[in-house]
Amino acid sequence: MKTHEVVIESGRSEKNYWRDLWKNRELLYILSMRDISVRYKQTILGTSWSLIRPLITMMIMFFVFSKVAKLKGDPGIPYPLMILAGLTIWTFFSNSFTQISTSITANSNLVTKVYFPRLIMPLSSSVVSFIDFLVALGLFVVLTIWYQFWPDWHILFLPFFIILALLASFAFGLIFAVLNVKFRDIGQLIPFIVQIGFYACPIAYSSRLVEENAGEWWHPIYYLNPMVGIIDGFKWSLLGDKAFFNPNSVINSVVVIGIFLFISIYFFRKRENSFVDDI
Amino acid sequence: MAVITAEDISKRYIIDHKRGKGSSSIKDALGEQIRKIFNGKKSPHQEAEHIEHEDFWALRDVNFSVEQGDRIGIVGHNGAGKSTLLKVLSKITEPTTGRIHIRGRIASLLEVGTGFHPELTGRENIFLNGAILGMTREEIRKQFDAIVDFGGIEKFLDTPVKRYSSGMYVRLGFAIAAHLDPEILIIDEVLAVGDAEFQKKSLGKMRDVSASGRTILFVSHNMTAVQALCNRTLYFERGRLIEQGETNQVVASYLSKISKTKLIREWNTPEEAPGNDLVRVKKIEILPEYVDNQIFIDVRTPFRVRFEYWNLMDKANLNLSLHMNSMTGECIFNVGTQSQSYSKGLISGECLVPGHFLNDGTYNVSMMIVKDTVTPLYNMEEGLIFDVADYRDGVAWYGKWPGYVRPQLKFHTEMMEENILND
């Protein structure tokens, strides 16, 4: 039998960190299962909540933006479908981002008592958001059948945008998770960021409307938001060419997310051994 | 072969003392950082609300090594650094300086039922907690029946643990931990919880574990358990490892240290002594007659309580009344002297408390000076506080011995009739 050797030293990061993470995949599975099964305990409607919420949000948005504000959607695409597509991927991102940001503090009882690669906690919280996302995607499929709207070959790109959204939630969530350990101000800030993000992203409206204002000063700033490319791309994969999509925005998303992901993983790894001292 | 080698381990915590008003967290930190970046010095405003950082060394220059199969006891007062050491060893927090080399799979049990989720059932929590402690699902499945059996919770397997009694909760937690199979096991004070019956069971389990040749590190305030389980002991005080070696010796010096300073209180002149215009206390002292060259009081040790006081009255009929109280305030016994007539001067009294009388625990002695057998002149409450350590011989049980007194009374059993089953 191979002996397991460990050296503990200040500032020394585990040599086999990623292998350790892989070894702990069962823990990841069990923590995710815990969060999923605990989620709707003592509720009457149970899991149906993950259907009811997006459905009602979609209906309200449809009413407010399409009927009251009379915003134009992409021609040839039913407005509710456009909203639901944007809402689905945005909810996935924002839930995952929120959960990741609070994952360390929410599991403080574990952080102070046992060791495991701390990255397990944000990973397991994103799994829960992903399950919710799959349910919401199922709802979208039902709605496309209702509207007799069939996707084409663009759907092959769908996984790419889903993964990109997931990476985006890590890129921003991990930094906040680390900061949240020491500064609980972050907990107050997150819902606010999510709310701003909702309006800054093409969810209730089409980016076509943004493009019509191409000369305005805020136009380039709008595209700095990496979620714009992801949401537009996601809609484009599901709804085809009729959905407005500027491929350049995805390049921007990939670059921004790549940079932030690198920084946040570095930051997380650097701080994770002292979470317990600050929590 | 050394399985753990710790070299110069120190752990520093920084304690913030806030000066001036303002209680923001991120504001201070951000403000300071931004100022550093932009002008490299503190603003006068910042100076006014200065946060003072004070270093606190939870561990300081700790060196030790643990051999394969060692059962190490870790003792010391609260805040001596024991728990910090366990946290550093279990990789929960990193040391500020120093280096630890560990050979072997390590499992640490700093709490019973770590990560239990109140909404989940006993069954689900077994898998959750097992995974958190580093078991695979396959291992848990194999041990599942043994865990349920050990914890005695068969009937409640599918009940959410929030409906469990605290005893059941602890039993389930320990049962899972007891079925871990690491090469090195780290345990913090788990025996402080649970009823006597369960403590017995858990200590038995720990003996089995150690008998199988695995290495154990065990923090406890229960000296009986440490003495029974551990072959070597580390004694910490204020972050430093001040003594290590053979358990009985280290435990003895720990026990003598905690009780030493408390065995005498003395005042030199009547002016500074406690009391009133009529009587003043000069001295209260406990004089143990140690057995086996020990340097601390245990349940076998007889001791005398000596009391000296100044009588400032010309002539008075005085007697002493001694109260022995438990730390929870109950009086265990009260003895008084005969009343006697005394003139002005220094008076002493002495009471012998026999060995094999008080149970182990912490006690305080209070002394009352009474005039004419009815009027209390002065009552010295909490005159002295002292500990009685445990001692057992030929008993395999290490739970807390119940009761305030532990007298050795005549008690015997005998066989009355043999072979009643085959008649």
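- An unreviewed UniProt entry lists chain B under the name ABC transporter ATP-binding protein, with Larkinella knui as the source organism.
- As its UniProt record puts it under Sequence similarities (unreviewed entry), chain B is described as follows: "Belongs to the ABC transporter superfamily."

- Per an unreviewed UniProt entry, chain A goes by the name Transport permease protein and belongs to Larkinella knui.
- Per UniProt, chain A carries the Sequence similarities (unreviewed entry) text "Belongs to the ABC-2 integral membrane protein family."

1. Observations concerning the overall build of chain A
- Scanning chain A from N- to C-terminus turns up 13 helices and one strand.
- For chain A, the N- to C-terminal ordering of α and β elements is β-α-α-α-α-α-α-α-α-α-α-α-α-α.
- By the compact-globule yardstick of 19 Å for 279 residues, chain A fits well, its C-alpha radius of gyration being 20 Å.
- The C-alpha extent of chain A, read off along each of the three principal axes, is 65 × 50 × 40 Å.
- Counting all 279 residues of chain A, 41% fall into the buried class.

2. Remarks on the overall build of chain B
- Looking only at helices and strands, chain B features nine helices and 16 strands.
- A buried classification covers 36% of the 423 residues belonging to chain B.
- Across chain B, contacts joining residues at least 24 apart in sequence account for 70% of those joining residues at least 6 apart.

3. A short note on the sheet that holds strand 3 (residues 71-76) of chain B
Residue and element names in this part refer to chain B.
- In space, the six strands of this open sheet follow the order 5-6-7-3-8-9, with mixed pairing throughout. Edge positions in the sheet fall to strand 5 (106-109) and strand 9 (240-246), since each of these pairs with one other strand and no more. The mean angle between the axes of side-by-side strands here comes to 15 degrees, regardless of whether they run parallel or antiparallel.
- The sheet contacts of helix 3 (residues 82-89) involve strand 3, strand 5, strand 6 (184-188), strand 7 (215-219) and strand 8 (232-237), and relative to strand 6 the element is tilted by about 145 degrees.

4. Examining unusual backbone geometry
Residues and elements named next belong to chain B.
- A positive phi angle, close to 50 degrees, is found at Asp8, a residue other than glycine.
- The residue Asp8 is located in strand 1 (residues 2-18) in this model.
- Classification of Asp8 by C-beta neighbours within 10 Å gives partly exposed; the count is 13.
- A positive phi angle is found at Asp61, which is not glycine, with a value near 45 degrees.
- Checked against the element boundaries, Asp61 lands in strand 2 (residues 51-67).
- Classification of Asp61 by C-beta neighbours within 10 Å gives partly exposed; the count is 14.

5. Here's the deal with helix 5 (residues 137-151) of chain B
Residues and elements named next belong to chain B.
- Of all the bends in helix 5, the largest measures some 55 degrees and sits at Gln143.
- Of all the positions in helix 5, only Ile140, Gln143, Ile147 and Gly151 are classed as buried.
- Looking at the buried positions of helix 5, the neighbouring elements they touch are helix 4 (122-132) and helix 6 (166-178).
- After helix 5 finishes, the residue Gly152 shows a positive phi value of roughly 65 degrees.

6. Some words on the interface of chain A and chain B
- Contacts between the two partners involve 27 residues from chain A, matched on the other side by 36 residues from chain B.
- Every element with two or more residues in the side of chain A that touches chain B is listed here: strand 1 (5-9), helix 2 (25-39), helix 5 (108-111) and helix 13 (275-278) of chain A.
- Broken down by element, the side of chain A that touches chain B gets its largest block of residues, six residues, from helix 2 of chain A.
- Among the residues making up the side of chain A that touches chain B, the classes are represented as 11 nonpolar, eight polar and eight charged.
- Examined bridge by bridge, strand 1 of chain A and strand 4 (residues 97-103) of chain B share five bridges and lie antiparallel to one another. Looking at strand 4 of chain B, one finds that Val6 of chain A is bridged to Ile102 of chain B.

7. A few points about the UniProt feature "domain: ABC transmembrane type-2" (unreviewed entry) in chain A
- Summarizing the sequence annotation, UniProt attributes the feature "domain: ABC transmembrane type-2" (unreviewed entry) to residues 45-271 of chain A in the numbering used throughout.
- End-to-end, the C-alpha atoms of residues 45-271 of chain A are 40 Å apart, and along that stretch the chain is 75% helix and 0% strand.

8. As for the domain arrangement of chain B
Residue and element names in this part refer to chain B.
- The domain boundaries assigned to chain B delineate domain 1 (15-55), domain 2 (58-258) and domain 3 (264-388).
- Once you take the C-alpha centre of each, domain 2 and domain 3 turn out to be 42 Å apart.
- Partitioning the side of domain 2 that touches domain 3 into residue classes produces three nonpolar, one polar and no charged.

9. A short note on the UniProt feature "transmembrane region" (unreviewed entry) in chain A
Residues and elements named next belong to chain A.
- Per the UniProt entry, the sites bearing "transmembrane region" (unreviewed entry) are residues 43-65, 77-98, 119-147, 153-179, 186-205 and 250-268 in this numbering.
- Overall, residues 43-65 shows 74% helix and 0% strand. The separation of its end C-alpha atoms is 32 Å.
- Regarding residues 119-147, the helix share stands at 93% and the strand share at 0%, and the terminal C-alpha atoms are separated by 42 Å.

10. Some points on the environment of Ser101 of chain A
All names here are of chain A.
- Secondary-structure assignment places Ser101 in helix 4 (residues 79-106).
- C-beta crowding within 10 Å serves as the criterion here: with 28 such atoms nearby, Ser101 is assigned to the buried category.
- Separated by 77 residues in sequence, Ser101 and Val178 place their C-alpha atoms 7.7 Å apart.
- Among residues more than four places away in sequence, those in contact with Ser101 are Gly173, Phe176, Ala177, Asn180, Ile186 and Ile190.

11. Some words on the packing of helix 5 of chain B against helix 6 of chain B
Residue and element names in this part refer to chain B.
- At a closest axis distance of 8 Å, the pairing of helix 5 and helix 6 adopts a crossing angle of 140 degrees. On the basis of their axis angle, the class for helix 5 and helix 6 is oblique. Between helix 5 and helix 6 lies a crossing of right-handed hand. Here helix 5 contributes Ile147, Phe150 and Gly151 to the contact with helix 6, which in turn contributes Arg171, Leu172, Ala175, Ile176 and Ala178.

12. Here's the deal with the environment of Ile259 of chain A
- In this fold, Ile259 of chain A is placed in helix 12 (residues 247-271).
- When the C-alpha atoms of Ile259 of chain A and Ser10 of chain A are compared, they prove to be 27 Å apart, with 249 residues separating the residues in sequence.

13. Looking at the environment of Trp310 of chain B
- Positionally, Trp310 of chain B belongs in strand 12 (residues 303-326).
- Separated by 129 residues in sequence, Trp310 of chain B and Asp181 of chain B have C-alpha atoms that sit 65 Å apart.

14. Looking at the pairing of strand 12 of chain B
All names here are of chain B.
- Bridging between strand 11 (residues 279-288) and strand 12 involves nine bridges; their strand directions are antiparallel. Its bridge partner being in strand 12, Val279 is matched across the sheet by Asn311.
- Relative to strand 14 (residues 340-353), strand 12 runs antiparallel, the two being bridged by 13 bridges. Following the sheet pairing, Asn311 is matched in strand 14 by Gly345.
- Bridge analysis of strand 12 against strand 15 (residues 361-371) gives nine bridges, and the strand direction is antiparallel. Looking across to strand 15, one finds that Asn325 is bridged to Asn364.
- By the bridge criterion, five bridges tie strand 12 to strand 13 (residues 331-336) in an arrangement that is antiparallel. If you follow His323 over to strand 13, its bridge partner there is Asn334.

Criteria and thresholds
Residues numbered from 1 in each chain as written. Chains lettered and ligands numbered in written order. Predicted model: local features only at pLDDT ≥ 70, side-chain atom pairs only at ≥ 80, totals over all residues. UniProt positions renumbered as here; feature names shortened; annotations may be inferred. Helix = DSSP H or I, 4+ residues; strand = E, 2+ residues; numbered from the N terminus. Rg over C-alpha atoms; globule rule 2.2 N^0.38 Å. Buried ≥ 20, exposed ≤ 12 C-beta atoms within 10 Å, placed from the backbone. Contact = placed C-beta atoms within 7 Å. Pairing = 2+ DSSP bridges. Axes fitted to C-alpha atoms, helices over the stretch in contact; angles between N-to-C directions. Bend = angle between axes of the 7 residues up to and from the residue. Nonpolar A, V, L, I, M, F, W, Y, C, P; charged D, E, K, R; others polar. Domains from an automatic or database assignment. Parallel < 35°, antiparallel > 145°, perpendicular 65-115°, else oblique. Left-handed = near helix turned anticlockwise from the far one by under 90°.

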